[in-house]
Amino acid sequence: MAVDLLLGLQWGDEGKGKIVDVLTSNYNIIARFQGGPNAGHTLVFNGMKHVLHTIPSGIFHEDAVNLVGNGVVIDPVIFKNELDKLATQDVDYRKSLVISRKAHLILPTHRLLDAASEASKGKAKIGSTLKGIGPTYMDKTGRNGIRVGDLELDNWKEKYRALANKHESMVEFYNVDLEYNLEELETEFFKAVDVLKSLKFIDSEEYLHQALRDQKSILAEGAQGSLLDIDFGTYPFVTSSNTTAAGACTGLGIAPNSIGDVFGIFKAYTTRVGSGPFPTELFDEDGETMGRVGNEFGATTGRSRRCGWLDLVALRYACQVNGVTQLMMMKADVLSGFKSLKVCTAYNYKGNIIHHLPYNVEPENVTPIYTDFEGWKEDLTEMNNESILPNALNTYIDFLEKELQIPIKIVSVGPDRKQTIFR
Ligand code: GDP
Ligand code: IMO
Ligand code: MG
């Protein structure tokens, strides 16, 4: 069997959580491969909304194993909060949730370092979610990190103390106003670590290889989006992990030739939360409408998301970097009622027309070139079949498929599990 990948093609929040939930019944194992509690994956079913940060989005399906991979960074405090919420929903997570020993831990001082770093940057700040993601991955690549497997060692608290002390002096070095009570943060942290330790830790790469030998089906769940990738995103306004397909190999220990389908999720328009360039961003009524109708507020931080037209230059780039085999277009319903729509098909880059994502995408270098489309008025949210979609939407979809040369297999017309049209 192969491992299928599901990942976001824009700047995150494409609707990955919803689609993983929809697809889970086809898989034995759902495995998160990178990111941490900077992610907010929303699932809606039976009239209830659930937001997951670190726990894979297959957790509501009794028969699936949900695996937190080595590429993920875990904040025990946030993880415990997620578990507590699941317990109130009667989810038997002890049976279905396993954690890689090689996943790194976010310490309270990583969060402080994130805050201090952002404060010191002033206007140039990344707009980080302040969950400690950057500092934790820095400690991972700097070979200082503490991993889940360390919690099984007797001396892990000594290692913790040494690292936390170092972080404290680093926070001082930033010389910014930051009020905190480390003792309180640590009490909460150690309590949460005890809960984490009651879960099943595994050698996840071995577990997944055995699963493949046993003909089990695996879906790898990405977090963030391709344009936030540490290498291929709009650096430095990115996250600190590889959000693209290659990240699934390093974040789970699976080989490239074990990968089957690559499902690329995108919104019918574009959003971004945090700082950084966004060529098709709208500052007018259309952008305001997308934000309002699409309820574009961050699932993790509650910040309002910036909105704009679909950017095919960026989308083509993301499809290429990931080797996308099937596309899923989300939030088509949000575009109902627009008289006309625009899709960016090329950039005017310093006076030349280009079709690829250049090194500099700042507004002073790039002006989007648009193709116009007729809008549609129909409410899509009750539609459940491809055959009844409005003609104008079909024209929009056909155009994207032709431009990207990849089939759009799902059109999502609402947040609920059921509001999903298969093509
Ligand atoms: P993720 O991070 O990629 O999982 O996406 P988020 O959960 O952060 O953001 C997607 C938001 O859009 C959530 O509030 C979803 O409930 C919602 N959503 C997902 N698909 C659709 C859709 O087709 N239409 C509408 N209107 N909302 C959707
Ligand atoms: P999901 O999985 C949208 C953005 C932050 C910030 C930048 C760096 O829900 O799609 P970080 O905290 O990672 O250091 O922040 O990345 N960001 C996201 N934006 N969706 C996410 O995850 C994000 N995770 C991080 O807003 O601009
Ligand atoms: Mg999200």
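Our subject is the structure listed above.
Draft legend 1. Focus on the site of ligand 1. Around ligand 1, the surrounding shell holds 19 residues, and the nearest of these are Gly15, Lys16, Thr42, Asp333 and Ser412. Within the backbone of lysine 16, a nitrogen or oxygen atom sits 2.7 Å from an oxygen atom of ligand 1. Protein burial of ligand 1: of its 580 Å² of free accessible surface, 93% is covered by the chains. Breaking the shell around ligand 1 down by element, the ones donating at least two residues are helix H1 (16-23) and strand E3 (41-45). Counted by class, the shell around ligand 1 contains five nonpolar, seven polar and seven charged residues.

Draft legend 2. The arrangement of the state of the cysteines in detail. Considering all chains together, one arrives at zero disulfides under this definition. With no disulfide of its own, cysteine 249 lies closest to cysteine 319 among cysteine sulfurs, the gap being 18 Å. Not part of a disulfide, cysteine 307 finds its nearest cysteine sulfur in cysteine 344, a span of 16 Å. What makes cysteine 307 buried here is its relative accessible area of 5%.

Draft legend 3. Highlighting the pattern of salt bridges. Under the definition given, this model contains 20 salt bridges. One salt bridge connects aspartate 372 with lysine 342, and the closest N-O pair in it is separated by 3.0 Å. Here the residue aspartate 372 occupies a position in strand E18 (residues 366-374), and lysine 342 occupies one in strand E16 (residues 340-349), the gap between them amounting to 30 residues. Assessed through its relative accessible area of 53%, aspartate 372 is described here as exposed. Taking the relative accessible area as the measure of exposure, lysine 342 reaches 30% and is therefore partly exposed. Each of Asp13, Lys267, Glu296, Arg305 and Lys331 takes part in a single network of salt bridges with overlapping partners.

Draft legend 4. Here's a closer look at the sheet that holds strand E10 (residues 218-225). Sheet architecture is open: ten strands sit in the order E9-E7-E5-E2-E10-E1-E11-E15-E19-E20, paired in mixed fashion. The sheet is open, and its two borders are formed by strand E9 (200-202) and strand E20 (420-422), each paired with just one other strand. Neighbour-to-neighbour, the strand axes of the sheet open up by a mean angle of 25°, direction not taken into account. Sheet strands touched by helix H8 (residues 204-213): strand E1 (3-8), strand E2 (29-32), strand E5 (65-68), strand E7 (97-100), E9 and E10. Its angle to E5, the strand with the most contacts, is close to 145°.

Draft legend 5. Looking closely at the site of ligand 2. Near ligand 2 you find 21 residues, and of these Asp13, Lys16, His41, Thr129 and Thr239 are the closest. Note that an oxygen atom of ligand 2 is positioned 2.9 Å from one of the side-chain N or O atoms of asparagine 38. Contact with the protein chains hides 97% of the accessible area of ligand 2, taken as 540 Å² for the molecule alone. A per-class count over the shell around ligand 2 returns eight nonpolar, ten polar and three charged.

What counts as what
- Residues numbered from 1 in each chain as written.
- Chains lettered and ligands numbered in written order.
- Predicted model: local features only at pLDDT ≥ 70, side-chain atom pairs only at ≥ 80, totals over all residues.
- Heavy atoms only, no water.
- Near = heavy atom within 4 Å.
- Polar contact = N/O pair within 3.5 Å; in protein donor to acceptor, adjacent residues only side chain to side chain.
- Areas by Shrake-Rupley, 256 points an atom, 1.4 Å probe, with all protein chains shown as cover.
- Helix = DSSP H or I, 4+ residues; strand = E, 2+ residues; numbered from the N terminus.
- Nonpolar A, V, L, I, M, F, W, Y, C, P; charged D, E, K, R; others polar.
- Disulfide = S-S within 2.5 Å.
- Buried < 20%, exposed > 50% of the residue type's maximum accessible area, 1.4 Å probe, protein only.
- Salt bridge = Lys/Arg side-chain N within 4 Å of Asp/Glu carboxyl O.
- Pairing = 2+ DSSP bridges.
- Axes fitted to C-alpha atoms, helices over the stretch in contact; angles between N-to-C directions.
- Contact = heavy atoms within 4.5 Å.

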